[in-house]
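# Tertiary structure, described
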Number of protein chains: 2
Amino acid sequence: MRRQILNLPEKAPEEALEGLALTNPTLIAYDRERGLVTRATPARDKVGLVSGGGSGHEPLHAGFVGSGMLDVAVPGAVFASPTALQVHEGTVAADSGRGVVQIVKNYTGDVLNFRIAGELAGDDNAVATETVLVDDDLATQSDDGPGRRGTAAVLAVEKICGASAEAGADLRTVAEFGRRVARNARTLSFALSAGTHPGETSPAFTLDPAEVELGVGIHGERGTGRVPFADADTLIARLVDPLVTELGCTRGSAVVAIVNGLGGAYPIELSIAARAVHHRLAGQGITVARSLAGSYVTSLDMVGVSVTLLPADADLLPLWDAPVRTPALTW
Amino acid sequence: MRRQILNLPEKAPEEALEGLALTNPTLIAYDRERGLVTRATPARDKVGLVSGGGSGHEPLHAGFVGSGMLDVAVPGAVFASPTALQVHEGTVAADSGRGVVQIVKNYTGDVLNFRIAGELAGDDNAVATETVLVDDDLATQSDDGPGRRGTAAVLAVEKICGASAEAGADLRTVAEFGRRVARNARTLSFALSAGTHPGETSPAFTLDPAEVELGVGIHGERGTGRVPFADADTLIARLVDPLVTELGCTRGSAVVAIVNGLGGAYPIELSIAARAVHHRLAGQGITVARSLAGSYVTSLDMVGVSVTLLPADADLLPLWDAPVRTPALTW
């Protein structure tokens with residue numbers, strides 16, 4: 001039984017956003033009325049960046065609002081898309097006259113509501129928009145259906161677009177960087193246990209103690225299969241190897257690696273997972289040019305990890321390294 | 001049953017440190033031979049800062065090594081003090097000619113081993129040392145016995161001493177700042193469930209679903225009592241109110257507040273706890289001058305939170321605000 005630090009479950013996302021803003025008053029502001037998280041001090045004369053989606057993936061997206069990353073985050077209820085009107089408000093709020101890039105994870109509701117918002121924004125030529133669709137989850141690759149889900153690569157998209165926008169790039173350039181990252185990054189995950197919804201006491205699904213869910217989604221969607229429980233090195237290899245193959249990495253390739261906790265993995269586990277990723281790649285002659293390990297794109301308190309690999313193109317690294325100052329990512 | 005992302009349990013701390021260093025190669029280096037985490041680039045001509053203690057509290061202490069905070073962290077096994085020789089090596093490694101402040105949480109083993117290391121360092125006048133003892137846990141206050149335990153206030157001590165050392169203060173001044181923070185800061189915690197040791201599948205203790213452990217320690221030590229499970233606002237009030245009384249805060253007081261996750265609380269829960277802390281203090285006319293909310297001083301995957309309050313003296317705030325660049329704290 002998992003009890004929670006919670007008041008009213010249905011208020012959890014907005015209370016959490018209020019708490020995040022109270023903790024980071026110099027970085028972000030929360031407009032409860034409009035359902036938006038904005039920078040405490042809006043940026044001027046740069047391409048705006050808006051992203052959003054269901055809550056339950058914290059610190060995504062509100063934790064990535066700030067200088068060098070997003071201008072506005074538009075949170076929905078837990079695992080539910082924000083409304084089109086909310087996204088529209090967010091898009092307008094993100095605009096400082098040079099247009100807005102909408103970063104959208106590939107889920108039906110998000111895609112629909114961001115599309116409507118984009119149309120609303122353009123209706124009286126109010127705000128020029130470009131959309132970057134993030135669909136990095138290798139587990140959901142198929143020839144038909146809704147396509148791959150958007151997961152932790154959205155962090156890389158937001159970071160790279162954010163740096164490009166901060167450097168003064170135009171709308172199309174910022175969007176093109178984002179599309180390149182989305183096109184090239186792939187993610188794969190496993191879970192040892194599912195997350196527990198606010199107000200519930202049991203996880204969304206249970207696993208046989210001898211099994212691990214491979215390719216699980218960030219809403220607790222079932223994965224591509226179950227594999228035997230094993231040590232960290234073995235489980236991480238099951239993520240890294242298919243990503244390396246899919247990306248066509250070979251000896252001498254260099255990648256950016258994001259080792260992402262799904263909410264319930266604690267720091268020792270994440271660092272051990274990160275070690276395993278580094279070793280597995282090194283063993284194949286692949287250089288980790290940059291890496292991150294932390295809980296960035298979560299699924300409530302799911303115990304698990306995702307690995308995202310992105311080819312470390314020479315022109316992306318300066319954007320990756322550029323300063324960022326948000327509640328959840330700062331350097 | 002809690003399964004873990006783990007290889008050999010007994011190797012977990014060192015594998016985690018290796019992973020942390022691989023993820024943050026520009027910030028820290030891990031010397032497995034000597035059992036030390038140092039800055040990637042050692043500082044010159046400043047007072048050195050060394051801290052350490054048992055593992056299982058990550059990101060503490062290794063995650064706080066870097067510019068503006070520690071020079072060296074000396075990790076023990078899970079919940080076990082590092083050896084005196086290890087601390088001695090760390091003390092020597094932290095010295096750049098201006099002496100070393102040892103920051104020690106108040107546990108018998110740590111106190112003993114840091115004391116021996118301090119004596120070893122002074123034996124041939126090799127390194128001048130000062131010790132700051134951190135004993136902030138209000139739950140263990142009593143007139144006799146080993147005194148209060150050291151918990152999350154160590155983060156504030158490391159931050160303030162780190163900034164003071166970086167600004168060029170001498171050994172005694174840096175230590176005095178640390179002692180003041182340790183003297184004035186108090187912490188109180190509650191847990192909804194205990195942490196699970198690496199390699200185990202059950203938590204260290206179990207609670208009745210109707211109860212919450214108040215005043216729990218970061219090694220899973222039992223608290224001062226059990227109180228009925230309640231909503232976040234109610235539970236947080238049980239932490240904040242005694243702290244306010246103990247610190248003698250009144251209407252118009254200003255504090256630094258650290259809302260610390262104990263390892264298993266996920267971001268929504270921590271932000272809701274942070275909101276509750278802010279509201280509870282505001283309701284008493286107390287200003288939160290600065291605050292942090294995150295999992296900084298943990299107890300494996302314990303689900304719970306601690307609140308640390310520190311009076312926001314005018315000369316402390318610039319040191320709090322000074323730049324810091326470590327794996328787990330950067331601004």
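Sequence order as written defines residue numbering, which begins from 1 separately in each chain. The lettering of chains begins at A and the numbering of ligands begins at 1, in the order of writing. Totals for whole chains, interfaces and linings use all residues, but because this is a predicted model, local features are given only for residues with pLDDT of at least 70 and pairs of side-chain atoms are given and counted only at 80 or more. Processing note: side-chain calculations cover all non-hydrogen atoms of the structure and skip hydrogens and water entirely.

Within an unreviewed UniProt entry, the label attached to chain A reads Dihydroxyacetone kinase subunit DhaK, and the organism entered is Nocardia flavorosea.

## A short note on the pattern of salt bridges
Residue and element names in this part refer to chain A. The salt bridge criterion pairs a side-chain nitrogen of Lys or Arg with a carboxyl oxygen of Asp or Glu, the two atoms within 4 Å. Inspection of every chain in the model, using the stated rule, returns 48 salt bridges over all chains. Residue Glu211 pairs with Arg226 through a salt bridge whose shortest N-O separation is 4.0 Å. With a gap of 15 residues between them, Glu211 in strand β8 (residues 211–214) and Arg226 in strand β9 (residues 225–228) connect regions that are remote in the sequence. Partly exposed describes any residue whose relative accessible area lies between the buried limit of under 20% and the exposed limit of over 50%, with all areas from a 1.4 Å probe on protein chains only and scaled to the type maximum. Judged by relative accessible area, which is 26%, Glu211 ranks as partly exposed. Among the residues examined, Arg226 registers a relative accessible area of 34% and is labelled partly exposed. Think of it this way: any DSSP run of H or I at least four residues long counts as a helix, any run of E at least two long counts as a strand, and we number them from the N terminus.

## As for the interface of chain B and chain A
Note on contacts: a residue pair qualifies if any of its non-hydrogen atoms lie within 4.5 Å across the two residues. The interface of chain B with chain A comprises 57 residues on the first partner and 57 residues on the second. Values labelled buried area give the accessible surface lost by two parts on being combined, using a 1.4 Å probe and summing over both. Buried surface at the junction of chain B and chain A, both sides included, amounts to about 4,700 Å², of which 61% is carbon and sulfur. Summed over the three residues of chain B that lose the most area to chain A, namely Arg3(B), Ile5(B) and Tyr266(B), the buried surface amounts to 20% of that side. Between Arg275(B) and Glu15(A) there is a salt bridge, and its shortest N-O distance comes to 3.6 Å.

## What to know about the packing of helix α4 (residues 153–166) of chain A against helix α5 (residues 171–184) of chain A
All names here are of chain A. A fitted line through C-alpha atoms serves as each axis, taken over the contacting stretch for helices, and the angle formed by two N-to-C directions is quoted from 0 to 180°. At a minimum axis distance of 9 Å, the contact between α4 and α5 shows a crossing angle of 155°. Here α4 lies roughly antiparallel to α5, going by the angle between them. Once α4 is placed against α5, the crossing between them reads as right-handed. Each of Ala156, Val157, Ile160, Cys161, Ser164 and Ala165 in α4 lies in contact with α5, whose residues at this interface are Val174, Phe177, Gly178, Val181 and Ala182. Its residues placed into classes, the contact of α4 with α5 shows nine nonpolar, two polar and no charged. Here roughly perpendicular refers to angles of 65 to 115 degrees, roughly parallel to angles under 35, roughly antiparallel to angles over 145, and oblique to all remaining angles. The hand of a helix crossing depends on one turn: near helix anticlockwise from the far one by less than a right angle means left-handed, and clockwise means right-handed. For this classification, Asp, Glu, Lys and Arg are treated as charged, while Ala, Val, Leu, Ile, Met, Phe, Trp, Tyr, Cys and Pro are nonpolar and the rest, including Gly, are polar.

## Observations regarding helix α2 (residues 84–94) of chain A
Residues and elements named next belong to chain A. Turning to α2, its buried residues number three or more, namely Ala84, Gln86, Val87, Gly90, Thr91 and Ala94. One face of α2 carries all of its buried residues, which in axial projection span an arc of 155°. The elements touched by buried residues of α2 are β2 (36–39), β3 (48–55), β4 (72–78), β5 (100–105), α3 (108–122) and β6 (129–134). Here, the arc refers to the directions that run from the helix axis to the C-beta atoms.

## Description of the pairing of strand β11 (residues 287–294) of chain A
Residue and element names in this part refer to chain A. Both strand β10 (residues 254–261) and β11 contribute to a ladder of seven bridges, which runs parallel. Across the sheet, the residue bridging to Val256 is Arg290, located in β11. Handedness of a crossover is defined as follows: with both strands directed away from the viewer, a clockwise route from the first strand across the helix to the second makes it right-handed. Viewed along the sheet, the connection from β10 through helix α7 (residues 267–282) into β11 turns out right-handed. Strands are treated as partners if at least two bridges between them are detected by DSSP.

## Remarks on the layout of surface pockets
Where empty space is left becomes clear once a probe the size of a water molecule has been rolled over the atoms. Here a cavity denotes a set of grid points, spaced 1 Å apart and computed over the protein atoms alone, in which a 1.4 Å probe fits but from which it cannot get out, and a pocket denotes an open set meeting protein on both sides within 12 Å along at least five of seven lines; residues with an atom within 4 Å of a point are reported as lining. Grid points are joined across faces, edges and corners, and a volume is the space filled by probe spheres set on the points. Empty space within the second largest pocket amounts to approximately 990 Å³. Forming the walls of the second largest pocket are 36 residues, and the residues nearest its centre are Met1(A), Arg2(A), Ser193(A), Met1(B) and Arg2(B). At the level of elements, β7 (186–193) of chain A together with β7 (186–193) of chain B are the ones that each hand at least two residues to the lining of the second largest pocket.

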